[in-house]
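# Chains, contacts and geometry: an overview
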Amino acid sequence: MNTIFFILIMIAVLAYGIQMPLITFYARRFDALTITIYRNLSLALTMMPVLLFAPPGEFAKVGEYVFYLVGASGVGAVSFMLGLVGTTYLPVGIAQSFRQASAILGAVLLGIVFFAEHLTSLQLVLIALLLAGIIALSLSKPDILHLERKNISLGVWFSILSGIGLACSFLFFSYTSRAISPIITGYFL
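Keep in mind the model is a prediction, meaning the values are calculated, not measured. (Residues numbered from 1 in each chain as written. Predicted model: local features only at pLDDT ≥ 70, side-chain atom pairs only at ≥ 80, totals over all residues. Heavy atoms only, no water.)

## Considerations on a nonpolar patch on the surface
- On the surface, I4, I7, L8 and I11 cluster together to form a nonpolar patch covering roughly 410 Å² of accessible area.
- With respect to the element layout, I7 can be found in helix α1 (residues 3-27). (Patch = residues over 30% accessible without salt bridge, like charges linked within 9 Å, V, L, I, M, F, W, Y side chains within 5 Å. Areas by Shrake-Rupley, 256 points an atom, 1.4 Å probe, with all protein chains shown as cover. Salt bridge = Lys/Arg side-chain N within 4 Å of Asp/Glu carboxyl O. Helix = DSSP H or I, 4+ residues; strand = E, 2+ residues; numbered from the N terminus.)

Below you can see the structure in the form of C-alpha cells.
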C-alpha cells in the first residue's frame, strides 16, 4: 500500500466524521426521514462515478445478491435515521459515541457468529477501554440546554439502536463484498 492510499483513507474518514455534525443541524429542524432520504439520494448520485472502477463482469452478479444489497442499504438507512433522532436528544459527540460503541460490539458479535472471526486479547482490551470511555462519557451529565427535546435516556437508546443497525448493515455488506466487487457493494451500502 502506498502513501496516496492512506492519504485518501484519512480524507474519507475526516469527511465522514464531519458529515454528522453538519447534517444534525438540519435533523434538529426537520424530521429524520426527510434528511435520510435527501442524504441517500444525493450520495447515490454523487457516488455513481465510483461504479466506473468496478469490473464489468461483476454487475451480472448483482441480481443474485440483491436481497443482501437491499438489506445492507435498507438497514443502513434505518440505522442512519435512528442516529439522527438520537442527535435530537443528545449532543452530537455523545450520540455518535454510543452509536459507534454499539456498532463495534454488534460487529464483533456478528463477526464471531456468522464469519467465525475472533479477536486477539489486545483487541478485546482496546474495545473494553473504548466502552469504559463511553460509559464515563454517559455519566458526565451532558449539557443539553440548547436542545428542544430533553430526554437523555431516549437519545442513548436511539443511538444504541442505530449502532446495532449499523452492525447488521455491515454484516450484509461483508457477506456480499466477499462474493461480488466491494466497489459495487459499497455503492449500494
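Now that the structure has been shown, the text picks up again.
## What to know about the nonpolar core
- One finds M20, I23, A27, A32, I35, F80, L84, V85, Y89 and V92 forming the largest nonpolar core, which totals 10 residues.
- Contributing elements (two or more residues each) for this core: α1, α2 (32-46) and α3 (66-89).
- Among the elements that take part in this core, α3 stands out by supplying four residues, more than any other.
- With sequence-adjacent residues up to four places away left out, A32 is seen in contact with M81, L84 and V85. (Core = buried A, V, L, I, M, F, W, Y, C linked by side-chain atoms within 4.5 Å. Buried < 20%, exposed > 50% of the residue type's maximum accessible area, 1.4 Å probe, protein only. Contact = heavy atoms within 4.5 Å.)

## Description of the environment of F53
- By the element assignment, F53 lies in the loop between α2 and α3.
- Classification of F53 as exposed rests on a relative accessible area of 66%.
- Taking the C-alpha atoms as reference, F53 lies 7.4 Å from I183; in sequence the two are 130 residues apart.

## Focus: the side chain of R39
- One can find R39 in helix α2.
- Although R39 is buried, it makes no salt bridge; D31 carries the closest opposite charge, 15 Å away.
- For R39, the side chain forms a polar contact with the side chain of N40, separated by 2.9 Å. (Lys, Arg positive; Asp, Glu negative; His and termini not counted. Polar contact = N/O pair within 3.5 Å; in protein donor to acceptor, adjacent residues only side chain to side chain.)

## Details of the packing of α1 against α3
- Interhelical geometry of α1 versus α3 gives an angle of 70° and a closest axis separation of 10 Å. In terms of axis orientation, α1 runs roughly perpendicular to α3. Along the contact surface, α1 presents Q19, M20, I23, T24 and A27, while α3 presents F80, L84, T87 and T88.
- For the contact of α1 with α3, the class distribution of residues is five nonpolar, four polar and no charged. (Axes fitted to C-alpha atoms, helices over the stretch in contact; angles between N-to-C directions. Parallel < 35°, antiparallel > 145°, perpendicular 65-115°, else oblique. Nonpolar A, V, L, I, M, F, W, Y, C, P; charged D, E, K, R; others polar.)

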